[in-house]
Amino acid sequence: MKYIDIRSDTVTQPTQEMRDAMYNAVVGDDVYDEDPTIKKLEVYAAEIVGKEAALFVPSGTFGNQLSIFTHCERGNEVILDDSCHIVIHEVGASSVIAGVQLRTIKSDKGIMSPQEVRSKIRKGEEDIHFPSTGLICLENAHSNGRVIPLENMKEIHEIAKENKIPVHLDGARIFNASTYLKVDPKEITQYCDSIMFCLSKGLCAPVGSMVAGSKSFIEKAKKKRKLMGGGMRQAGFLAAAGLVALEKMRDRLHEDHENARYMGKELSKIPEISINLDDIQINMVFFTLNIDNVEEMVSYFLDKGIKINPPENGMFRFVTNYWVTKRDIDYIIKTLKDFLSLKAR
Ligand SMILES: *Cc1c(COP(=O)(O)O)cnc(C)c1O
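Note on numbering: residues in each chain are counted from 1, in written sequence order. Side-chain atom pairs in this predicted model are given and counted only at pLDDT of 80 or more, local residue features only at pLDDT of at least 70, and totals for whole chains, interfaces and linings cover all residues. Side-chain figures throughout are based on the complete set of non-hydrogen atoms in the structure, without hydrogens or water.

Chemist: Help me understand helix H10 (residues 215-227) in this model?
Modeler: Count 3.6 residues to each turn of an α-helix, and residues three or four apart come out pointing the same way. Numbering of helices and strands runs from the N terminus, with a helix taken as a DSSP run of H or I at least four residues long and a strand as a DSSP run of E at least two residues long. What a helix should span is 1.5 Å times the count of its residues minus one. With 13 residues, H10 should cover 18 Å at 1.5 Å per step; its first-to-last C-alpha distance of 19 Å lies within 8% of that length. Only heavy atoms enter the contact rule, under which two residues are in contact if any of them lie within 4.5 Å. Those residues of H10 that are buried lie in contact with helix H2 (36-48), strand S2 (53-57), helix H3 (60-71), strand S7 (194-198) and strand S8 (209-213). Gly-229 lies just past H10 and shows a positive phi near 85°.

Chemist: Which parts of the structure should I look at to understand the nonpolar core?
Modeler: If you look at the biggest cluster of nonpolar residues, it comprises 53 residues, and the most contacted ones within it are Ile-136, Phe-197 and Leu-246. Considering every element that reaches this core, the biggest residue donor is helix H11 (residues 236-248), with 6 residues. Delimitation of the domains relies on an automatic or database domain assignment. Each of domain 1 (4-9 + 252-344) and domain 2 (16-250) gives at least three residues to this core. Apart from the residues within four sequence positions on either side, Phe-197 is in contact with Ala-45, Val-49, Gly-171, Ala-172, Ile-174, Phe-175, Ser-209, Met-210 and Leu-246. Counting 26 residues, the second-largest nonpolar core is a separate cluster that includes Ile-4, Met-263, Ile-270 and Val-294. For our purposes a nonpolar core is just a set of buried Ala, Val, Leu, Ile, Met, Phe, Trp, Tyr and Cys residues, chained together by side-chain atoms within 4.5 Å. Working definition: with a 1.4 Å probe on protein chains only, accessible area under 20% of the residue-type maximum means buried, over 50% means exposed, and in between means partly exposed.

Chemist: What am I meant to see in unusual backbone geometry here?
Modeler: Negative phi characterises most residues that are not glycine, and trans characterises most peptide bonds. Note that the residue after Asn-140, namely Ala-141, is joined by a cis bond; omega there is -5°. By the secondary structure assignment, Ala-141 is in the loop between strand S5 (133-139) and helix H7 (150-162). Of note in this structure, Arg-233 is not a glycine but carries a positive phi near 50°. Counting through the fold element by element, Arg-233 comes out in the loop between H10 and H11. Of note, Asn-313 is a non-glycine position whose phi angle comes to about 50°, a positive value. Counting through the fold element by element, Asn-313 comes out in the loop between strand S11 (306-307) and strand S12 (316-319).

Here's what the structure looks like:
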């Protein structure tokens, strides 16, 4: 059975062009610096985000944690939003790998107040009790589906610069953010010293993320990547798919965004649903369904060939991607209406 899968954009299958590129990839031992396909990907990735160098890593989590590990000393404090991916969905890795303390602050849907960030910065040499702030992390697009305004990133970056603290951007979905803002990705990455972005997710590569930054940062990170077990030998097969992802899949993300907005509009016509259409900025649609036993919906949908996740904190999240068409969305809406009328009986 062919399923429509709207659980996430991480579920995307590679395109035929990626499969062909992987089959034909020229590879070598990347730990010996001998994989031409990985090198090509790293040069291209750095260019796209306007940084001196880039590094291929196994996952987004790996890339974020490697960046924290490279920027910080043990015992440093990292300032970040309390709803960001690094805090919520990375298994507490920053305390295990980098040995840092996360200083979380409350944000307004992912937007941190620059004044609040400034007030949390600490200098270890000022007080025997204080850790030093080693890093500030931003996330754009945010995993809540919203895009952080450039002005906010700029203000926080300026505060960081004044205090000689680097800024890392979790840009897992940077190209969704640049698509929404209708700007070149460099307009966003000018406000960070390092960035991680995913080749998987909406770009459909099977595996892999990139870390980019200054040449010296990437050199340091490369050694730490080895320490973390991320020296990946003939991973040029994966880089080949990553190159197709960056060359061919970035410029079509607006289709996923249009489909998400279309889905949101159709959902908003259903009385049992509450949804804030202003929150649909990229490919994610969050909503609540005001019925008992919402969990039943998951198995009903699966029977109808649609994979959805159960609600998290009461909220459903439907995610569009390359493999989900507008017709699929009509079918999803119809299935939901059928389910609701069945429940009403
Ligand atoms: C998915 C995601 C990551 C982690 O990527 P994985 O490849 O799943 O480890 C990091 N940050 C954000 C914002 C994400 O959405």
